[in-house]
There are 2 protein chains.
Amino acid sequence: MGSLDRSLIAGLSVFEGLAATDLDRIVGQARSLRIAKDQPVFEQEQEAHSFFLLLDGHVRVVKSTPDGHEVTVRYISPGELMGIAHALGRTTYPANAIAAVDCVALAWPSHLWPTLAANFPSFSANTYKTVGSRLQDAHTRVIEMSTEQVDQRVAHALLKLVKQTGKKTEEGILIDFPISRQDIAEMTGTTLHTVSRLLSAWEDQGLVKSGRQKVTVVEPHRLLLIAEGRAEKS
Amino acid sequence: MGSLDRSLIAGLSVFEGLAATDLDRIVGQARSLRIAKDQPVFEQEQEAHSFFLLLDGHVRVVKSTPDGHEVTVRYISPGELMGIAHALGRTTYPANAIAAVDCVALAWPSHLWPTLAANFPSFSANTYKTVGSRLQDAHTRVIEMSTEQVDQRVAHALLKLVKQTGKKTEEGILIDFPISRQDIAEMTGTTLHTVSRLLSAWEDQGLVKSGRQKVTVVEPHRLLLIAEGRAEKS
């Protein structure tokens, strides 16, 4: 890890509250790796040999169901941990993680988790804070699916991606990784057909622009009105 | 806590791997309390002053949305922790917890969590294992809502409650706490009307019996066929 600039890593919230020497000791036990676009970082039901910190890129976490459905559970952004099965008492990965673009990550052997957690309480507390917000996210999604119309859910999903990964461009805020209409359908529990219909309607209204694996939100405030069910129906 | 029989508590999975003296030290810092049916154990957005271990009864965890919807997130059974906000880096409770029947629980002040977690790694590991399975449950529910028909979701919800709380009776397996059709609707993201229609149809087919706040599963295997989408449509 000698080539890695510590200042890049020290600012990440997962390392908040750690002294520089502690940070060096934690990062010194990791190896860095590159994952090419569309390659797996880890696979569902495989032995959870490592846990990871994403440094660059975006990773899509997808759960496969026994009957062959795929559901996008979440996107991982730089600075986030992933594959922390051992920290949650699991020995296998609960889902597939696939590089949405070329990625760089740190990987620690999972068997180090108990020692790292015991020696560096801040690291452990920060990790469980991440877990807590993922649990909240999952419950929020259950609630959205219980109480919201499909247009609200798709609008919420786009706004969340914009918040997580948005990049300002001349046209608006670009979701900064390749995302297909099928991906959006899998995130919102609807069909490709419905997502296509909504995106076309919103494009006609000047709210978004979309192309192949590309979505730009042009009018986030108007999209928020739709997400909150406050837009006038057109 | 002198009046509490340690043998009752030692068998709980959250205390697995703890020596009797450690168990006494942990439980010695708790107070026991009774919560009457329909009373709150804790409330959404309130300061998370305590975390709890349910010893007897059933607790319904409900999230309120800003626009006034209520969604039942889960039911807590005896032996489960609840309100462990601090262990997940939160200072407030993320939901309401309401006693579904008269309950008995242990309560620890939340500020003790870091010390307990540091001194008793098994207790902490067991707690996070619970968190891990709740995260899995939440993702499973997202997947069910994305990929399953409403009859499958309601069948899954009933089978899960039977597994969690089922009590054998002459008629079949009773869900052992008061549960209304509205509760089931809130658990499965559907309407009271749909739940009533399904339960009536299943009662006609001899799969379930239901009364006011009472559901008995008569034929779990046939309900499982419905849950898995393998039942012939009637």
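Since this is a predicted model, take the numbers as computed values, not measurements.

### Quick word on the pattern of salt bridges
Reasoning step 1: By the definition in use, this model includes 18 salt bridges over all chains.
Reasoning step 2: Linking Arg134(B) and Glu80(B) is a salt bridge whose minimum nitrogen-to-oxygen distance equals 3.1 Å. Residue Arg134(B) is found in helix α4 (residues 121-147), and its partner Glu80(B) is found in the loop between β5 (70-76) and β6 (81-82); the two are separated by 54 residues along the sequence.
Reasoning step 3: Within the structure, one salt-bridge network assembled from shared partners comprises Arg74(A), Glu80(A), Arg134(A), Asp137(A) and Lys160(A).

### Side note on the side chain of Asn96(A)
Residues and elements named next belong to chain A.
Reasoning step 1: Locating Asn96 in the fold gives a position in strand β7 (residues 96-99).
Reasoning step 2: For Asn96, the side chain forms a polar contact with the side chain of Ser64, separated by 3.3 Å.
Reasoning step 3: Apart from the residues lying within four places of it in its own chain, the contact partners of Asn96 are Phe42, Glu43, Gln44, Arg60, Val61, Val62 and Ser64.

### Thoughts on the environment of Leu88(A)
Reasoning step 1: The topology assignment puts Leu88(A) in the loop between β6 (81-82) and β7.
Reasoning step 2: In this structure the C-alpha to C-alpha distance between Leu88(A) and Asp183(A), which are 95 residues apart in sequence, comes to 27 Å.
Reasoning step 3: The residues touching Leu88(A), leaving out its near neighbours within four places in the chain, are Tyr128(A), Val131(A), Tyr128(B), Lys129(B), Val131(B), Gly132(B) and Leu135(B).

### Examining the relation of the copies chain A and chain B
Reasoning step 1: Its rotation angle being 180°, the transformation that places chain A on chain B also includes 0.0 Å of axial translation and leaves an RMSD of 0.0 Å. Accordingly, the operation relating the two chain copies is best matched by a two-fold axis.
Reasoning step 2: The overlap is high: 100% of the interface residues of chain A also sit at the interface in chain B, so the same surface is used on both sides.

### Points about the UniProt feature "domain: Cyclic nucleotide-binding" (unreviewed entry) in chain A
Reasoning step 1: According to UniProt, the "domain: Cyclic nucleotide-binding" (unreviewed entry) feature falls on residues 14-103 of chain A.
Reasoning step 2: The span residues 14-103 of chain A shows a helical share of 9% and a strand share of 39%, and its end C-alpha atoms are spaced 19 Å apart.

### Some remarks on the domain arrangement of chain A
Residues and elements named next belong to chain A.
Reasoning step 1: Segmentation of chain A into domains returns domain 1 (6-144) and domain 2 (148-227).
Reasoning step 2: Taken over C-alpha atoms, the centre of domain 1 sits 26 Å from the centre of domain 2.
Reasoning step 3: Contacts between the two partners involve 16 residues from domain 1, matched on the other side by 16 residues from domain 2.
Reasoning step 4: Overall, the association of domain 1 and domain 2 removes approximately 1,200 Å² of surface from exposure, summing both partners, and the carbon and sulfur fraction of that is 49%.
Reasoning step 5: Our enumeration of links across domain 1 and domain 2 arrives at 3 salt bridges.
Reasoning step 6: Across the salt bridge formed by Asp137 and Lys160, the nearest N and O atoms sit 3.9 Å from each other.
Reasoning step 7: Inspection of the region where domain 1 meets domain 2 yields 8 residue pairs in polar contact (both at pLDDT 80 or more).
Reasoning step 8: Elements represented by at least two residues in the side of domain 1 that touches domain 2 include exactly β5 (70-76) and α4 (121-147).
Reasoning step 9: Broken down by element, the side of domain 1 that touches domain 2 gets its largest block of residues, 5 residues, from β5.
Reasoning step 10: Class assignment for the residues of the side of domain 1 that touches domain 2 results in 6 nonpolar, 3 polar and 7 charged.

### Focus on the packing of helix α6 (residues 181-188) of chain B against helix α7 (residues 192-204) of chain B
Residue and element names in this part refer to chain B.
Reasoning step 1: Between α6 and α7, the shortest axis-to-axis distance is 8 Å and the interhelical angle comes to 110°. Taken as axis vectors, α6 and α7 run roughly perpendicular relative to one another. Counted together, Arg181, Gln182, Ile184 and Ala185 of α6 and Leu192, Val195, Ser196, Leu199 and Ser200 of α7 form the full contact between these two elements.
Reasoning step 2: In the contact of α6 with α7, the residues fall into 5 nonpolar, 3 polar and 1 charged.

### Overview of the interface of chain A and chain B
Reasoning step 1: Chain A puts 26 residues into the contact, and the matching count from chain B is 26 residues.
Reasoning step 2: Roughly 2,600 Å² of surface becomes buried between chain A and chain B when both sides are summed, with 76% attributable to carbon and sulfur atoms.
Reasoning step 3: Here chain A is connected to chain B by 0 residue pairs in polar contact (both at pLDDT 80 or more).
Reasoning step 4: Of all the elements in the fold, those that place two or more residues in the side of chain A that touches chain B are β5 and α4 of chain A.
Reasoning step 5: The element best represented in the side of chain A that touches chain B is α4(A), accounting for 15 residues.
Reasoning step 6: Residues belonging to the side of chain A that touches chain B are distributed by class as follows: 12 nonpolar, 9 polar and 5 charged.

### Focus: the sheet that holds β6(B)
Residues and elements named next belong to chain B.
Reasoning step 1: The strand order β1-β8-β3-β6 describes an open sheet built from 4 strands, whose pairing is antiparallel. Strands at the two margins of the open sheet, each flanked by one partner only, are β1 (31-35) and β6.
Reasoning step 2: Direction of pairing for strand β3 (residues 50-56) relative to strand β8 (residues 103-109): antiparallel, over a ladder of 6 bridges. Opposite Leu53, over in β8, you have Leu106 as the bridge partner.

Analysis parameters
Residues numbered from 1 in each chain as written. Chains lettered and ligands numbered in written order. Predicted model: local features only at pLDDT ≥ 70, side-chain atom pairs only at ≥ 80, totals over all residues. Heavy atoms only, no water. Salt bridge = Lys/Arg side-chain N within 4 Å of Asp/Glu carboxyl O. Helix = DSSP H or I, 4+ residues; strand = E, 2+ residues; numbered from the N terminus. Polar contact = N/O pair within 3.5 Å; in protein donor to acceptor, adjacent residues only side chain to side chain. Contact = heavy atoms within 4.5 Å. Least-squares fit on C-alpha atoms with pLDDT ≥ 70 in both. UniProt positions renumbered as here; feature names shortened; annotations may be inferred. Domains from an automatic or database assignment. Buried area = accessible area lost by both parts, 1.4 Å probe. Nonpolar A, V, L, I, M, F, W, Y, C, P; charged D, E, K, R; others polar. Axes fitted to C-alpha atoms, helices over the stretch in contact; angles between N-to-C directions. Parallel < 35°, antiparallel > 145°, perpendicular 65-115°, else oblique. Pairing = 2+ DSSP bridges.

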